[in-house]
Amino acid sequence: MAGIKMGLRLLETLTSALYEDPIVLFREYIQNSVDAYVAATRDNSGIDMEDFYVDIEIDYENKAIRFADNGYGIELSKFEEYMRSIGKSDKGKYKDQIGFRGIGRLSALPFCDELIFRNKVKGSDKIQVFQWDGKKYSDLLLKGEDHELDAAMGEISKIFEYPYDGSLECHFFEVRIRNYSVEIVELLSTADFRGKLCLLLPLRYSPSFDAQGIVKQEYDRVMGKSLEASSFDIRLDGQTLYKPYEGRHILESEIVFWPLQLKPRAENKEPEKIGVLWFSFNRKVTANPTNEPRGIKVRSKNMLVGGEDSLADAVSVNSSDYVATYRELTQTLAGVYGEMLLYTDSLDDNARRDWFKIDASSIELRSIIAEFLRRLIAYRYAASRAFSDKSDAKKKEKLIKAYTELTQGLNQEQFLSDFYTPVADDKQEDIPPLPERPYEDIPKASITVKRFYSKVLNALEGYFLEERDLKSFIKIRAFLKKKLNEEQEK
């Protein structure tokens, strides 16, 4: 029986298709370093790994990137097999591993002329090197000829070694990307590149984040493990990276916690603890500044999954989990800071690592998220109404009920007391969350006009929220609504 023959296009599918955004290569190489470190400590390699770190160095002039860790490296006898294996990995056997597909190390191949791996283990007097020729790889794809993967590997990759003249005690693993593509040039030129990395990677909290102690303590209490075990020393051009949370991000509610757990999958089993949700919000859940972290970031083993609106995305894929319009969800989440810190082998990342595979556990997680968002939006409505009429006892009662349900019984009297105490930045009324504006305000307008109207209002609202001038926004909105409706009546 003839064996299955695989073409070079398969390699393209496994790289270009899964790694369209070049920022993911930073995730993949950091992830591989971290997993190697975790495996080395688990296997008792005999190396002191307490000072483990990963350095990222970017040479903008020569278009080169270097990832280097001081981990154990790959055993000499396994290096070639590991480098030549595609889609083969034993990481899935271990709960503490982040990656598992065995293709992440190829993520930079579509974005550079050369992709080089250098390996040095303790006690060895040589460096092993595996090199991919990204330019030749691209040329073969452009020719459109049929190339079997095995044969093409001989053309686009090579392995060799050379003597190491440093200390035999030294050990490291490096990834070098040479002559990176225009996609990476564009990524690195964005003003928030560093900020994106700080959100993406499994970092420690900034020393200026005053609440980190209670977050770590609650995570340790719920999960029975240390959050520090999933937080690593990662540096960019010599400077340590931290998660972008600081003391000023602790809002008026202070820190609120939701322990997360899944129902037992069998009789006589306890619910599975899968993580902790922490968040902070102001009395009125209005949008936080666009240049600050906002929303609830979902992290699996401290690595970012999804983006700013991942919670809204999660409950918008199935009508049974409907909470509110997508626009209401994203607006509400923009007024919250926090993280959903997950650690479980019951949730598997999907192929693009932007969410989890659809199964019983991820569906249950989606239901947990939906319930959280229902309570958050209910509080936002109640707060807006209570603030607009502080003398209404029923509105106050609803506010207290919504607050208690959102915080799962947290009795923070000072927060509720302050709600009815005038402060300097409460100079005008809040705006209640608006339903689909185009359909409410200009029901007779065309779909095109409604969409344009919605985009204009979104931009204006964001501006006036930052300027704390909501009365002007209300006036402009009323004026636009009136004029557009007059146009339809002509």
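Note: the structure precedes this text.
Every chain is numbered on its own, with residues counted from 1 as its sequence reads. Since the coordinates come from a predicted model, pLDDT governs what is reported: local features require at least 70, and pairs of side-chain atoms require 80 or more to be given and counted, while whole-chain, interface and lining totals use all residues. Side-chain metrics in this entry use all non-hydrogen atoms of the structure; hydrogen atoms and water are not considered.

### Comments concerning helix H11 (residues 360-388)
Here H11 spans 43 Å end to end across 29 residues, near enough to the 42 Å set by a 1.5 Å rise per residue. Polar contacts, as used here, are pairs of N or O atoms within 3.5 Å; protein pairs need one atom able to donate a hydrogen and one able to accept it. Residues neighboring in sequence count only if both atoms are side-chain atoms. Labels follow the DSSP assignment, with helices taken as runs of H or I lasting at least four residues and strands as runs of E lasting at least two, numbered in each case from the N terminus. In this structure Asp-359 caps H11, since a side-chain oxygen of it lies 3.1 Å from the backbone nitrogen of Ser-361. Given a helix with a known number of residues, its expected span is that number minus one, times 1.5 Å.

### With respect to the side chain of Thr-332
Within the secondary structure, Thr-332 sits in helix H10 (residues 326-333). Side-chain polar atoms of Thr-332 contact the backbone oxygen of Glu-328, separated by 2.8 Å. Beyond its immediate sequence surroundings of up to four residues, Thr-332 is in contact with Val-285, Leu-376, Ile-377 and Arg-380. Here, two residues are considered to be in contact whenever any of their heavy atoms come within 4.5 Å of each other.

### A word on the side chain of Ser-157
By the secondary structure assignment, Ser-157 is in strand E5 (residues 157-163). When residues no more than four places from it in sequence are discounted, the contact partners of Ser-157 are Arg-84, Phe-130, Gln-131 and Trp-132.

### Remarks on the environment of Ala-478
Looking at the element boundaries, Ala-478 is found in helix H16 (residues 470-489). Residues Ala-478 and Asp-441, spaced 37 residues apart in sequence, show a C-alpha to C-alpha distance of 8.9 Å.

### Description of unusual backbone geometry
The residue Lys-63 is not glycine, and still its phi comes out positive at about 55°. If you trace the backbone, Lys-63 turns up in the loop between strand E1 (54-59) and strand E2 (64-69). Exposure remark for Lys-63: the relative accessible area of 35% places this residue in the partly exposed category. Phi at Lys-301 is positive, roughly 55°, even though this residue is not glycine. Among the structural elements, Lys-301 can be located in the loop between strand E11 (295-300) and strand E12 (303-305). Only protein chains enter the accessibility calculation, which uses a 1.4 Å probe. A residue is then buried if its area is under 20% of the maximum for its type, exposed if over 50%, and partly exposed in between. Assessed through its relative accessible area of 11%, Lys-301 is described here as buried.

### Some remarks on the packing of H10 against H11
It is the contact of H10 with H11, at a shortest axis distance of 10 Å, that shows an interaxial angle of 80°. Here H11 runs roughly perpendicular to H10, going by the angle between their axes. Where H10 abuts H11, its residues Glu-328, Leu-329, Gln-331, Thr-332 and Leu-333 lie against Leu-373, Leu-376, Ile-377, Arg-380 and Tyr-381. For this classification, Asp, Glu, Lys and Arg are treated as charged, while Ala, Val, Leu, Ile, Met, Phe, Trp, Tyr, Cys and Pro are nonpolar and the rest, including Gly, are polar. Of the residues in the contact of H10 with H11, the class split is 6 nonpolar, 2 polar and 2 charged. Orientation is described by axes fitted as lines to C-alpha atoms, over the contacting stretch for helices, and by angles from 0 to 180 degrees between their N-to-C directions. In this scheme, roughly parallel covers angles under 35 degrees and roughly antiparallel covers those over 145, while 65 to 115 is roughly perpendicular and the rest are oblique.

### Structural notes on the sheet that holds strand E9 (residues 256-262)
A strand pair is defined by DSSP finding two or more bridges across the two strands. Pairing is mixed in the open sheet, where 5 strands are placed in the order E9-E10-E13-E11-E12. The strands lining the two open edges of the sheet, one partner per strand, are E9 and E12. Taking the axes of each pair of neighbouring strands and ignoring which way they run, one obtains an average angle of 30° across the sheet. Judged from the 7 bridges that link them, strand E10 (residues 272-281) and strand E13 (residues 336-342) form a sheet pairing that is antiparallel. Within E13, the residue paired with Ser-280 across the bridge is Tyr-337.

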